[in-house]
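If you want the building blocks of each chain, they are given just below.
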Amino acid sequence: MDPSLLRLEPWTDVDLGLLRRINTPDMRAHVGGPESEERMLVRHRRYLDLVPSGIGCMYRIVLEPEGEAVGSVGYAERDWQGATVYEMGWNVLPGHQGRGIAAAAARAAVRAAARTARHPWLHAFPSVGHPASNAVCRKAGFTLLGETDFEFPPGRRMRSNDWRVALTADPA
């Protein structure tokens, strides 16, 4: 994917429709399935609050020259193994998968997270059974630390890979 054909735009109220397109059985198969309307609205509000609260940022992924929103990518703070880190996640709509969009968007979001200078590390926790998301991590420059039990969504344990990328030149 040519990175010049992709841009990230901060999440806004308009993106509720995109979130609904992401909230399908196929798109959410590795993270507990589709959410109820109520839970999806809570997620949408959380995405809107990330920037004002200072704990992260969610973006819509836009392809040029059409200006079409084709997915989401973002990061937010979480406690992980005794430290506060950023955690990243992404979604690319089915008609646009397999073209390198997720990896390009993840690289762009990693750069954005690094500019905040808040945390030395950013992690991603794709299911061990989701080869495409694990490939995104590899292509986006993450290092595989190993398998772990991870809670996502809240209340659901899943077996995940712990991928990490440094956000500073000399992470502590």
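Everything numeric in this text was worked out from a predicted model, so none of it was measured.

Undergrad: Kindly report on the pairing of strand β3 (residues 68-80), identifying the contributing residues and their values.
TA: Summarising the sheet, strand β2 (residues 56-63) and β3 pair through 8 bridges and their orientation is antiparallel. When the bridges of β3 are listed, Leu63 appears paired with Glu68. Connecting the antiparallel pair β2 and β3 is a turn made up of 4 residues, with Gly67 showing a positive phi of about 75°. Pairing between β3 and strand β4 (residues 83-92): 10 bridges, direction antiparallel. Within β4, the position partnered with Arg78 by the bridge is Val85. With antiparallel pairing between neighbouring strands as the criterion, β3 and β4 make up a hairpin whose turn holds 2 residues, including Gln81 at a positive phi of roughly 50°.

Undergrad: Explain the packing of aromatic side chains residue by residue, including any values.
TA: What characterises a pair of aromatic rings is the spacing of the ring centres plus the angle enclosed by the ring planes. Using the criterion set out here, one finds 4 aromatic pairs in the structure. Consider the rings of Trp11 and Tyr47, whose centres lie 5.2 Å apart with planes at 85°: the pair is edge-to-face. Residue Trp11 is located in the loop between β1 (6-10) and α1 (16-22), and its partner Tyr47 is located in helix α2 (residues 37-53); the two are separated by 36 residues in the primary sequence. Members of the aromatic cluster, joined through ring pairs, are Tyr59, Tyr75 and Tyr86. Stacked on the ring of Trp121, the Lys or Arg Arg164 has its end atom at 3.5 Å from the ring centre.

Thresholds, definitions, all that
- For every chain, the first residue of the written sequence is number 1, and numbering continues from 1 along that sequence.
- Per-residue local features are limited, in this predicted model, to residues with pLDDT of at least 70; the limit for side-chain atom pairs, both in listing and counting, is 80 or more; totals at the level of whole chains, interfaces and linings are taken over all residues.
- Each side-chain value is derived from all of the structure's non-hydrogen atoms; neither hydrogens nor water enter the calculation.
- Two strands qualify as a pair provided DSSP detects at least 2 bridges between them.
- Strands here are runs of E lasting at least two residues and helices are runs of H or I lasting at least four, both read from the DSSP assignment and numbered beginning at the N terminus.
- Working definition: rings of Phe, Tyr and Trp (its six-membered ring) pair if their centres are within 6.5 Å, and the pair is stacked with planes under 30 degrees apart, edge-to-face with planes over 60 apart, and tilted otherwise.
- Placement of a positive charge over a ring is assigned whenever Lys NZ or Arg CZ falls within 6 Å of the ring centre and within 35 degrees of the normal to the ring plane.

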